[in-house]
Amino acid sequence: MTNTRDLTGLDWPSAIVGRDHVVAEKVWKALGTVQDPELDEPITDLKFVTTVEIDRGEQGAEVSIRLRLPTYFCAPNFAYLMVADAYDAVAALPEVARTSVRLEDHFASDEINSGVAARAGFTGSFPTEAIGELEELRQTFQRKAYLASLDRMTKRLAADGVEFDAYTSLRIGDLPSGLETDSLMRRRSDVGLPLTEMSLVMIEHDGEAMSAERLPKRLRFAKSVRVSIEGNGIFCRGLLETRYGDDESPGTQSGIGAFGGADLGMPTLRRES
């Protein structure tokens, strides 16, 4: 027999806390590395993860994850990337012996769930509709995320009093410590840009330096990309809340009953009692 406990609860027997709590924290951290490709935010922050259930198997932890999205018709290519990335992130943990990720309340959930479970790829999941795998799509959004992070970095530089004329000569080693620099470095890594202290900051996703003449136009474009990404994030959060509700309202299609009253957006830990 099994029951569920909130991951943040500390009332488990000590014999369970030492092992299962550590695994649960690692699973949640792994899921936090999975990004919505369009919104450039972790699926954990976006509350796309509804439950995480962890059983103790003979070979290791057996993890079952349930995901949701803001609408029934969210693009299946974006949805597939998030489900597949969640599977890969958790399955890579050495403590995990079996991983199951299920997307619910989506028009293509059957195809996505079975395709990810079979490791069939996007074309294998949608053999009559897909025209190729999704790496090019992923790279497109990674480049957009890089530009958005560059705009956030320039806002920080301006606030710190750095003159615009100095931007083209700035090196990574010149950047202030903080969230903006950490974000920029991660997104540079995603698109394969150098991360050394002597590397120029103002460069294109292909590594080409932005000239003084070209920089204003490119930074205006970077700002428009950031505003678009952040606006989409606000919109999707609103759609998710409308669909699934919150603590005070059940939403238009909550599906709460299917989750046994689990705290939506936070994982649960399943253990033997």
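Residues numbered from 1 in each chain as written. Predicted model: local features only at pLDDT ≥ 70, side-chain atom pairs only at ≥ 80, totals over all residues. Heavy atoms only, no water.

A. Seen up close, a nonpolar patch on the surface. Among the surface-exposed residues, Tyr72, Phe73 and Phe107 lie close enough to one another that they form a single nonpolar patch of about 340 Å² accessible area. Along the chain, Phe107 falls in the loop between strand S6 (96-103) and helix H3 (109-117). (Patch = residues over 30% accessible without salt bridge, like charges linked within 9 Å, V, L, I, M, F, W, Y side chains within 5 Å. Areas by Shrake-Rupley, 256 points an atom, 1.4 Å probe, with all protein chains shown as cover. Salt bridge = Lys/Arg side-chain N within 4 Å of Asp/Glu carboxyl O. Helix = DSSP H or I, 4+ residues; strand = E, 2+ residues; numbered from the N terminus.)

B. Up close: unusual backbone geometry. Positive phi outside glycine occurs at Asp105, with the angle close to 60°. Mapped onto the elements of the fold, Asp105 is located in the loop between S6 and H3. Judged by relative accessible area, which is 25%, Asp105 ranks as partly exposed. Even without being glycine, Arg119 reaches a positive phi, approximately 55°. Following the sequence through the fold, Arg119 ends up in the loop between H3 and helix H4 (121-125). According to the relative accessible area criterion, Arg119 is partly exposed, its value standing at 42%. (Buried < 20%, exposed > 50% of the residue type's maximum accessible area, 1.4 Å probe, protein only.)

C. Broad picture of the layout of surface pockets. One number sums up the size of the second largest pocket: a volume of about 300 Å³. Lining of the second largest pocket is provided by 16 residues; of these, Gln35, Asp40, Gln142, Arg186 and Asp190 occupy positions nearest its centre. Elements that contribute at least two residues to the lining of the second largest pocket include exactly strand S2 (35-36), strand S3 (41-42), helix H5 (135-159) and helix H6 (179-191). Ranked by the residues each element gives to the lining of the second largest pocket, the list is headed by H5, at four residues. (1 Å grid on protein atoms, 1.4 Å probe; cavity = no way out; pocket = protein on both sides within 12 Å on 5 of 7 lines; lining within 4 Å. Points joined across faces, edges and corners; volume = space filled by probe spheres on them.)

D. Expanded view of the packing of aromatic side chains. Scanning the model with the defined rule gives seven aromatic pairs in all. Between the aromatic rings of Tyr72 and Phe73, the centroid separation amounts to 4.9 Å while the plane-to-plane angle is 90°, which identifies the pairing as edge-to-face. Consider the rings of Phe164 and Tyr167, whose centres lie 5.0 Å apart with planes at 50°: the pair is tilted. Using a relative accessible area of 36% as the deciding quantity, one classes Phe164 as partly exposed. Ring pairing ties together the aromatic residues Tyr72, Phe73 and Phe107, which thus form one cluster. Directly above the aromatic system of Tyr244 lies the positively charged group of Arg68, at a separation of 4.7 Å from the ring centroid. (Phe/Tyr/Trp six-rings, centres within 6.5 Å; stacked < 30°, edge-to-face > 60°. Lys NZ or Arg CZ within 6 Å of the ring centre and 35° of its normal.)

Function cannot be read off these values alone, since they describe shape.
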